[in-house]
Each structure stands twice: as C-alpha cells, then as structure tokens.
Amino acid sequence: MQDAASLMAFYRNRRAELDPSDGSRWHLLIKEIRLREACGIEEAYAIALTDPIWRRWFERQINSDPACRKAALRHMRDSGDRSLIAQRDGRLLVR
C-alpha cells in the first residue's frame, strides 16, 4: 500500500494529464483533499468549492450534464438544510 504523500502526488499528476472538461479531474481532486486533510467526502467537497475556478466548473457541470444534475438533486434531497447546493430560478448553485 502506498503512503498518503505518494497517493496525493499520483492524483495530482493524473489530474494534470486529463482534459479540463473530464469529470474524473473532480474525483481526483476530492481524493487528494481527503488524504491531505484526513476528512470525509462532504468536507472535501466544501473545501474544493472554496476555490472560485472549481466552483464555476462545478456549477456549470450540475446545470449542463444530466447525470451531474441528477446527483446534485439527490444530494439536495438527502442533505436537506446541510446541502452544499441550492436551487434558484431553476438553476442549481453552490451555497
């Protein structure tokens, strides 16, 4: 098994190799944050969404990609008031 630093370097390098529109980049970022911060997935999402570039990308994805929108709506339903996403005028936004 690899140590955390090796895994973070792997995720970072792999993310750099992918096309910016590839949704796998988001998953690799979340994995890296979880390792670095030793946190759960919801906290990793919150940390990632503090970056304005990732925030814009994420909002664009949840409003244009049907699978992402479905996952975002499920997150809203399951999380209730703790949800990281809100709906305004038919658009999904990060809180």
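Residues numbered from 1 in each chain as written. Predicted model: local features only at pLDDT ≥ 70, side-chain atom pairs only at ≥ 80, totals over all residues. Heavy atoms only, no water.

S.K.: What am I meant to see in the pairing of strand S2 (residues 91-94) here?
M.R.: It is a general feature of regular strands that their side chains alternate between the two faces of the sheet. Sheet analysis places strand S1 (residues 85-88) next to S2, joined by four bridges and oriented antiparallel. In the strand pairing of S2, Arg88 is matched with Arg91. Counting the residues between successive antiparallel strands, the hairpin from S1 to S2 contains two residues, one of them, Asp89, with a positive phi of roughly 55°. (Pairing = 2+ DSSP bridges. Helix = DSSP H or I, 4+ residues; strand = E, 2+ residues; numbered from the N terminus.)

S.K.: Would you mind going over helix H1 (residues 4-17) with me for this structure?
M.R.: Each α-helix turn comprises 3.6 residues. Residues three or four places apart therefore point the same way. Between the first and last C-alpha of H1 there are 20 Å, a value that for 14 residues agrees with the 20 Å anticipated at 1.5 Å per step. The complete set of buried residues in H1 reads Leu7, Met8, Tyr11 and Arg15. Angular distribution of buried residues about the axis of H1 spans 100°; they occupy a single face of the element. Turned more than 90 degrees away from the buried face of H1, the exposed residues are Ala16 and Glu17. Where H1 is buried, its residues touch helix H2 (24-37) and helix H4 (52-64). (Expected span 1.5 Å × (residues − 1). Buried < 20%, exposed > 50% of the residue type's maximum accessible area, 1.4 Å probe, protein only. Arc of directions from axis to C-beta. Contact = heavy atoms within 4.5 Å.)

Any link to function would need more than the numbers given here.
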